[in-house]
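# Observations on the model geometry
Single-letter residue listing:
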Amino acid sequence: MAATDEHPPSIDHPLLEPDFLERRLYQLKLAGTAANDHTLVCLPTGLGKTTVSLLVTARRLDEVGGKSLMLAPTKPLVQQHADFYREALRIPDDEIVVFTGDVSPDDRAALWQDATVIMATPQVIENDLVGSRISLADVTHITFDECHRATGDYAYNYIAERYHADADRPLVTGMSASPGGDEEAILEVCENLGLREVEVMTEEDADVAEFTHDTEVEWERIDLPDEVIEIRDALNEVISERLEKLKELGVARSTQPDQSQKDLNRMRAELQKLINNDQSEGFKGMSVHAEVMKLRQAVTLVETQSVEALRRYFERQRNQARTSGASKASQRLVSDPRVREAMRRAESFDELHPKYRKTRMLLAETLGLEGGERVIVFTESRDTAEALTDFLNESFDAKRFVGQGDREGSDGMTQNQQQEVLDAFRAGEFEVLVSTSVAEEGLDVPEVDLVLFYEPVPTAIRSIQRKGRTGRQSEGRVVVLMADDTRDEAYFWISRRREKEMKSELRELKGMASDLESELDDAQQSLEAFDTGSNGDGSGGRSTSSAGNTSGSVGDDIQPGLQDFAADADSSAADESGDREGVETDDDGSRHSDGSEASEDSEDEQSDPFEVHEPSAGGDVVEIVADQREMDANIARDLSRREEIEIRLETLDVGDYVCSDRVVVERKSVADFVDSLVSGDRSVFEQVGAMARHYSRPVVIVEGEGIYEQRDVHPNAIRGALSSLAVDFGASVLRTESEADTTELLATMATREQQVSSREVSVHGEKGAKTLGEQQEYVVSSIAEIGPVTARSLLEEFGTVEAVMIASEDELQAADGVGSVTAERMREVIGSEYTGTGSGSNSS
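Here's a quick rundown of the structure. Throughout this document, residue positions are counted from 1 along each chain, in the order its sequence is written. Selection of residues for local features in this predicted model requires a pLDDT of at least 70, selection of side-chain atom pairs for listing and counting requires 80 or more, and totals for whole chains, interfaces and linings are taken over all residues. Each side-chain value is worked out from all heavy atoms of the structure, with water and hydrogens disregarded.

## Digging into the overall build of the chain
We apply this condition: Secondary structure follows DSSP: runs of H or I at least 4 residues long count as helices, runs of E at least 2 residues long count as strands, and numbering of each begins at the N terminus. Buried residues are those whose accessible area, probed at 1.4 Å on protein chains only, stays under 20% of the maximum for their type, while exposed residues exceed 50% and partly exposed ones sit between those limits. Only heavy atoms matter for contacts: two residues are in contact if any of them lie within 4.5 Å across the pair. A 1.4 Å probe and the Shrake-Rupley method give the accessible areas. Residues count as covered only by the protein chains that appear here.
If you tally the helices and strands in the chain, you get 33 helices and 19 strands. When burial is assessed residue by residue, the chain has 52% of its 844 residues classed as buried. By sequence separation, contacts in the chain at least 24 residues apart represent 73% of the contacts at least 6 residues apart. Of the roughly 37100 Å² of accessible surface on the chain, 44% is carried by carbon and sulfur atoms.

Shown next, in the form of structure tokens:
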């Protein structure tokens, strides 16, 4: 019997709240496939991807048990999913936990033990896995929300790799409204997450069309006033002049200001080659290139955002140029007469920007004449979001919605503040949400009457995400503002082309499931080592009735989805599901068949105990403590992949890695090491000094090649710094070629310490307050950047800091290591009149 509109049919399941979820055929079909194999689920924004994941989770927990883990890229999205799951699942609320950076690592480790469903940001789970705080062994379902992010070094990739390796009965669901711009990108996501099925639903599918409505997209062309064009042209004139300099160096092919980002990236790469060849032109060119990039940002703001956004940007540039460590690019930028004139014109512009005027008109039309209730305005710029919110509040009730990070002149929003704004918007407490990209992905923003793009976005994924905020319950409207003859037009055509390509690709994917599975199988043979199926045919226990049929047609393959969530589901369905998933009977047989005995004798220095990443024959585990801030590199992740090494993450006061009770390691890239010398930053010496006070074997690893080609620094200065670390601080200075080389060195070092020398890992040492002597050395060493060795010599000679300060040039030279040049420089710093920060030769 067909249900009435007042009482749509609901889904019944032992773990779902009764009458909570509306029965939608397309969701049941997607869940039916996803419950049987690692599946990519592609569904338009607003049509319930989260519900599909929930259905799979309910089935897995009911039939298999264990835990469920759902990952989402932002804290608000994680909290939103947790709220939904707590409402929908018949599981105690305290067993559905949220893991974000706001929860301490120790608390997360304790909560994990008793949790049934965990909602988390990926970085937190990655850190907990690297630090051995949690185990994925009993996680029976993991969902990667917004899974198109699974590229490069994003945390999703590491978690997926560990999950397939560690879980007893893994099942992966990837969810996205826009998984990639082409087949290659979608395949990359599938391979990174270990997905073998692809289920695609679009608005064109009959099952989906019932729940979608037409969304009209309108393009509103905006003419910029002459005053704005004059500001832009003045800035473009400076850009052309700077590009002329780069053309003289042979790196720029044109002086046209509208260079593509691809060309600018190419210029930078060529300048880097000059730097690597120790050619001074490279350093000068790189500074000019940086200035071009700053000017282009200013042009983009005045063209596509507003004069107010440009004013805020100029103010930040002025403040930056006044700082003691300001770059030459920043200083030249704000001192150029044409830029200063553009600043003056921006300050004096008191007219209403045409985009502001058009925005106000569209909102009045939607909320007033048409009786609408809610509008979202998306903008790329936080400056615009804040200024536009202030402007719109003169006529409407508007609030901003921005990210969490603070920056100069702009406060971010805390997670609680974001949640409060969204809750108020859902409740109809205000009409207009002005948001940056933070509200694009997945957030349960309520149905709105108008989505206004303040500017086009050049990526299909973001465009689709934004448009998905309307057209769910009734016909929606999308308006995009586009300033004529600006970057807006270029972004418009790029976005339009890419969006068409993506939709076409998704349609093609629906009809090429078999070919895609074949490609994925070829690329993922390594996953067979972790196969939990018991069929023995390499299929992973997939149901042959559903494999290869992802066209979206209604047929036999949809029945599992309907049966699994029916009130009177046959118990044989659960048995069949269990058979398909299989019980892991011999995990060690396939994973240790390639000779883990290779590292049996850890004392043999000629052997390589890390070539095969399996436990040594003796079963000993080597522990390395890594500073949490080192997670920016891949070293801790790579070490954590090895079964013979256990990583513990802490916030270390001393060093980056602790390998034993006596060995601590400070890691510096060659760029960071040389930069510290150029900037006069003494932190590397302070760090190594602290290491030497607390550990008997401090080690400094300088990582990377071309240490003598990094910036315009004389090789002897670098050799002197390396010598000081070794001779004055007693540190072992080791060179490595790359992160991979550093990883191997740390593994070898820790193994020798713990297995050969039988030493234990012990973290000790605190930064704490410096001793009186250390403070005195620090004060003196900062004079003219003379360093800690000369500072100690001076203090030994004169006894007090005061005596050093009042000593004459001749008296200073009595100290060991102080010559006439150093003495003269010291007296100049000590005795010269203060001229103010940023002053000097450019005092004008």
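Now, onward.
## What to know about the packing of helix α10 (residues 261–276) against helix α11 (residues 280–304)
Keep this limit in mind: Axis geometry follows a simple rule: fit a line to the C-alpha atoms, using only the stretch in contact for helices, then measure angles between N-to-C directions, giving values from 0 to 180 degrees. In what follows, roughly perpendicular refers to angles from 65 to 115 degrees, roughly parallel to angles under 35, roughly antiparallel to angles over 145, and oblique to any angle outside these ranges. Left-handed is the label given to a crossing in which the near helix is rotated counterclockwise from the far helix by less than a right angle, and right-handed is the label when the rotation is clockwise.
Packing of α10 against α11 brings their axes to within 8 Å, and their N-to-C directions diverge by 160°. In this view, α10 runs roughly antiparallel relative to α11, as classed from their interaxial angle. Crossing of α10 against α11: the hand is left-handed. Residues Gln261, Leu264, Met267, Arg268, Leu271, Gln272, Leu274 and Ile275 of α10 pack against Gly282, Phe283, Gly285, Met286, His289, Val292, Met293 and Arg296 of α11.

## Remarks on the pattern of salt bridges
What counts is decided by this rule: Counted as salt bridges are all cases of a side-chain nitrogen of Lys or Arg within 4 Å of a carboxyl oxygen of Asp or Glu.
Evaluation of the coordinates by the stated rule reveals 45 salt bridges. In this structure, the salt-bridge partner of glutamate 650 is arginine 648, at a minimum N-O distance of 2.9 Å. Look at glutamate 650 and you get partly exposed, because its relative accessible area is 25%. Judged by relative accessible area, arginine 648 falls into the partly exposed class, the value being 26%. Residues participating in the shared-partner salt-bridge network are Glu237, Glu241, Arg242, Glu291, Asp336 and Arg338.

## Re the packing of aromatic side chains
Definition in use: Two aromatic rings, drawn from Phe, Tyr or Trp (for Trp, its six-membered ring), form a pair once their centres lie within 6.5 Å of each other, and the interplanar angle then sorts them: stacked below 30 degrees, edge-to-face above 60, tilted otherwise. Two conditions define a charge sitting above a ring: the NZ of Lys or the CZ of Arg must be within 6 Å of the ring centre, and it must be within 35 degrees of the ring normal.
Overall, the coordinates contain eleven aromatic pairs when judged by the stated rule. On the numbers, 6.1 Å between centres and 40° between planes, the contact of phenylalanine 20 with phenylalanine 84 is tilted. Here phenylalanine 20, found in the segment before α1 (25–34), pairs with phenylalanine 84, found in helix α3 (residues 75–88); they are 64 residues apart in sequence, far enough to count as distant. Overall, phenylalanine 20 belongs to the partly exposed group, its relative accessible area being 31%. One aromatic cluster in this structure is built from Phe20, Phe84 and Tyr85. One cation-aromatic arrangement involves lysine 355 over tyrosine 454; the distance from NZ or CZ to the ring centre is 5.0 Å. Above the face of the phenylalanine 430 ring, lysine 399 is positioned so that its terminal group lies 5.8 Å from the ring centre.

## Brief notes about helix α27 (residues 715–727)
Where we set the bar: One fewer than the residue count of a helix, multiplied by 1.5 Å, yields its expected span. The arc in question is the one traced by the directions running from the helix axis out to the C-beta atoms.
Taking 1.5 Å per residue, 13 residues should reach 18 Å; α27 reaches 18 Å between its end C-alpha atoms and fits that length. Of all the positions in α27, only Ile718, Ala721, Leu722, Ser724 and Leu725 are classed as buried. Down the axis of α27, the smallest arc covering the buried residues is 155°, so these residues share one side.

## What about the sheet that holds strand β1 (residues 39–42)?
Where we set the bar: Here the rule is simple: two strands pair whenever DSSP picks up at least two bridges between them.
The parallel open sheet is built from seven strands, whose spatial order is β3-β4-β2-β5-β6-β1-β7. In this open sheet, the two edge strands, each paired with only one partner strand, are β3 (96–99) and β7 (197–200). Neighbour-to-neighbour, the strand axes of the sheet open up by a mean angle of 15°, direction not taken into account. When β1 meets β7, the two strands line up parallel, connected through four bridges. Across the sheet, residue threonine 39 finds its bridge partner in β7, namely glutamate 197. Contacts from helix α2 (residues 49–63) reach β1, β2 (67–71), β4 (117–120), β5 (139–145) and β6 (172–176), with the element oriented near 175° to β5. Here α3 sits on the sheet and contacts β2, β3, β4 and β5; the angle it forms with β3, its principal contact strand, is near 180°.

## Some words on unusual backbone geometry
One non-glycine residue, serine 132, lies in the positive phi region at around 60°. Non-glycine residue serine 758 carries a positive phi angle of around 55°.

## Structural notes on the side chain of threonine 140
Here threonine 140 lies in strand β5. According to the relative accessible area criterion, threonine 140 is buried, its value standing at 7%. Residues in contact with threonine 140, not counting those within four places in the same chain, are Arg60, Leu61, Val64, Gly65, Gly66, Lys67, Tyr163, Arg169, Pro170 and Leu171.

## Re a negative patch on the surface
Quick reminder of the rule: A patch consists of residues whose relative accessible area exceeds 30% and which take part in no salt bridge; residues with like charges are grouped when within 9 Å of each other, and nonpolar side chains (Val, Leu, Ile, Met, Phe, Trp, Tyr) when within 5 Å. Charge assignment: positive for Lys and Arg, negative for Asp and Glu; neither His nor the chain ends contribute. Here the site of a charge means atom NZ of a Lys, CZ of an Arg, CG of an Asp or CD of a Glu.
A cluster of acidic side chains, namely Glu809, Asp810, Glu811, Glu824 and Glu828, defines a negative patch on the protein surface. Put simply, the parts of the chain that give the negative patch at least two residues each are α32 (809–812) and α33 (820–831). In terms of residue count, α32 provides more of the negative patch than any other element does, three residues in total. Within the secondary structure layout, glutamate 811 lies in helix α32. Overall, the relative accessible area of 43% leaves glutamate 811 in the partly exposed class.

## Focus: the pairing of β4
In regular strands, side chains alternate between the two faces of the sheet. The condition that has to hold: The handedness rule is simple: strands pointing away from the viewer, and a clockwise path from the first strand over the helix to the second, make the crossover right-handed.
Every second residue of β4 is oriented toward a common face, with Val117 and Met119 on one face and Ile118 and Ala120 on the other, all of them buried. Where β2 lies against β4, four bridges are found, and the strand directions are parallel. Bridge pairing in β4 links serine 68 to valine 117. One ladder, built from four bridges, connects β3 with β4; its direction is parallel. Of the residues in β4, the one forming a bridge with phenylalanine 99 is alanine 120. Handedness of the crossover joining β3 and β4 through helix α4 (residues 105–114): right-handed.

## What to know about the packing of helix α5 (residues 122–130) against helix α6 (residues 155–166)
Applicable threshold: Each residue is assigned to one class: nonpolar for Ala, Val, Leu, Ile, Met, Phe, Trp, Tyr, Cys and Pro, charged for Asp, Glu, Lys and Arg, and polar for all the others, Gly among them.
Two elements in contact, α5 and α6, have axes separated by 9 Å at closest approach and are oriented at 45°. Here α6 runs oblique to α5, going by the angle between their axes. The interaxial crossing formed by α5 with α6 has left-handed handedness. Across from Pro122, Gln123, Ile125, Glu126, Leu129 and Val130 in α5, the residues of α6 making contact are Ala155, Tyr156, Tyr158, Ile159 and Arg162. For the contact of α5 with α6, the per-class residue count stands at eight nonpolar, one polar and two charged.

## Quick notes on the nonpolar core
The test is simple: In this text, buried Ala, Val, Leu, Ile, Met, Phe, Trp, Tyr and Cys residues form a nonpolar core when linked through side-chain atoms within 4.5 Å.
Core analysis: the biggest nonpolar cluster contains 58 residues, and Leu69, Ile125 and Phe144 have the highest contact counts within it. A per-element tally of this core places α6 first, with six residues. Every residue in contact with leucine 69, bar those within four places of it in the chain, is listed here: Trp112, Ile118, Ala120, Ile125, Leu136, Val139, His141, Ile142 and Thr143. Within the second largest apolar cluster, 38 residues are counted, among which are Leu246, Phe283, Ala321 and Ala342.

## What to know about helix α16 (residues 382–392)
An α-helical segment advances 3.6 residues per turn. Residues three or four places apart therefore align on the same side. The buried fraction of α16 amounts to ten of the eleven residues, a majority that puts the element mostly inside the structure. If you check which residues of α16 are buried, you get Arg382, Asp383, Thr384, Ala385, Glu386, Ala387, Leu388, Thr389, Phe391 and Leu392. On the buried face of α16, the contacting elements are α12 (307–322), α15 (354–369), β9 (375–378), β10 (398–401) and β11 (432–435).

## Notes on the environment of methionine 482
Relative to the helices and strands, methionine 482 resides in strand β13 (residues 476–483). On the basis of relative accessible area, methionine 482 is assigned to the buried category, the value being 1%. Along the chain, methionine 482 and phenylalanine 453 lie 29 residues apart, while their C-alpha atoms are 8.9 Å from each other. Sequence-distant contacts of methionine 482, defined by excluding residues within four places in its chain, comprise Trp219, Glu220, Arg221, Ile222, Asp488, Glu489 and Phe492.

## A word on the sheet that holds strand β19 (residues 732–736)
The strand order across the open sheet formed by six strands is β15-β14-β16-β17-β18-β19, and the pairing between neighbours is mixed. The open sheet has two free edges, formed respectively by β15 (645–650) and β19, since each of these has just one partner strand. Pairing geometry for strand β18 (residues 697–703) and β19, over five bridges, is parallel. From the neighbouring strand, valine 702 faces β19, where its bridge partner is arginine 735.

## Considerations on the environment of leucine 71
The residue leucine 71 is located in strand β2 in this model. Contacts of leucine 71, omitting those with residues within four sequence positions, involve Ala120, Thr121, Pro122, Ile125, Ile142, Thr143, Phe144, Asp145, Tyr156 and Ile159.

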